[in-house]
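An overview of the molecular structure
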Amino acid sequence: MASSTTASQKDRVLLAVIGDEDTITGLLLAGIGNVDSKQKKNFLVVDAKTQVSTIESAFQEFTERKDIAILLINQHIAEKIRPTVDGYQQAFPALLEIPSKDHPYDPSKDSILKRVQKLFGE
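What counts, and where the lines are drawn
- Residues numbered from 1 in each chain as written.
- Predicted model: local features only at pLDDT ≥ 70, side-chain atom pairs only at ≥ 80, totals over all residues.
- Heavy atoms only, no water.
- Helix = DSSP H or I, 4+ residues; strand = E, 2+ residues; numbered from the N terminus.
- Rg over C-alpha atoms; globule rule 2.2 N^0.38 Å.
- Contact = heavy atoms within 4.5 Å.
- Areas by Shrake-Rupley, 256 points an atom, 1.4 Å probe, with all protein chains shown as cover.
- Salt bridge = Lys/Arg side-chain N within 4 Å of Asp/Glu carboxyl O.
- Buried < 20%, exposed > 50% of the residue type's maximum accessible area, 1.4 Å probe, protein only.
- Polar contact = N/O pair within 3.5 Å; in protein donor to acceptor, adjacent residues only side chain to side chain.
- Core = buried A, V, L, I, M, F, W, Y, C linked by side-chain atoms within 4.5 Å.

Points about the overall build of the protein
- Counting its regular elements, the protein contains six helices and four strands.
- Counting helices and strands in the order they occur from the N terminus, the protein gives α-β-α-β-α-β-α-α-β-α.
- Rg of the C-alpha trace for the protein: 15 Å, near the compact-globule value of 14 Å for 122 residues, within the 12% margin.
- Reported as C-alpha extents along the three principal axes, the dimensions of the protein are approximately 40 × 40 × 25 Å.
- Intrachain contacts of the protein at a sequence separation of at least 6 include 65% that bridge at least 24 residues.
- Total accessible area on the protein is roughly 7,600 Å²; 57% of this is exposed by carbon and sulfur atoms.

What follows is the structure in structure tokens.
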């Protein structure tokens, strides 16, 4: 069983991103963009017109894909789907909330940081 777990973790080679246009553009320029043979992208650009259901479905898709190791999401976008983000408990893909150009990072809203603080008794 350990070998199948190791093999599945080795298949996780991509970053996925749910973010605003500036965040996605910067990360695509850094080389994280990927479009597979089924035309599935590893990123979602969220703007004012993007519906919450679209964000939630992208989150579900990215967390279920076996080729994604880390899912980055802008914190202000994570706030729109906070119950879904807070309910995510899997180790892979790892979920990280990141700031954006217009929205600074607020540690009090980060569900992952809250879990770590709870583990350490803070």
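Some words on the pattern of salt bridges
- Tallied over the entire structure, the rule returns seven salt bridges.
- With its nearest N and O atoms 2.9 Å apart, the salt bridge here joins Asp67 to Arg65.
- Residue Glu79 pairs with Arg82 through a salt bridge whose shortest N-O separation is 2.7 Å.
- Classification of Glu79 as partly exposed rests on a relative accessible area of 33%.
- Among the charged side chains, a network of salt bridges with common partners joins Lys40, Glu61, Arg65 and Asp67.

A short note on the environment of Asp67
- Locating Asp67 in the fold gives a position in the loop between helix 3 (52–64) and strand 3 (68–74).
- Residue Asp67 is classed as partly exposed on the basis of its relative accessible area of 22%.
- Distance in space between the C-alpha atoms of Asp67 and Phe92 is 9.9 Å, their sequence separation being 25 residues.
- Look past the residues within four positions of Asp67 in its chain and what remains in contact with it is Asp11, Arg12, Val13 and Leu14.
- Side-chain polar atoms of Asp67 contact the side chain of Arg65, separated by 2.9 Å.

Some points on the environment of Glu21
- One can find Glu21 in helix 2 (residues 21–29).
- In this structure Glu21 comes out as exposed when scored by relative accessible area, which is 56%.

Here we look at the nonpolar core
- Grouped together as the largest cluster of nonpolar side chains are 18 residues, with contacts concentrated most on Ile18, Phe59, Phe62, Leu71, Ile73 and Leu95.
- For this core, the elements supplying multiple residues, two or more each, are strand 1 (14–19), helix 3, strand 3 and helix 4 (75–78).
- Tallying contributions element by element places helix 3 first for this core, with four residues.
- Judged by nonpolar contacts, the second largest core, of six residues, contains Ile24, Ile32, Phe43 and Ile98.

As for the side chain of Asn42
- In this fold, Asn42 is placed in the loop between helix 2 and strand 2 (43–45).
- Looking at Asn42, the relative accessible area reads 0%, which means it is buried.
- Only 2.9 Å separates the side chain of Asn42 from the backbone nitrogen of Asn34, close enough to count as a polar contact.
- In this view, Asn42 contacts Leu15, Ala16, Val17, Ile32, Gly33, Asn34, Phe62 and Arg65; residues no more than four positions away in its chain are not counted.

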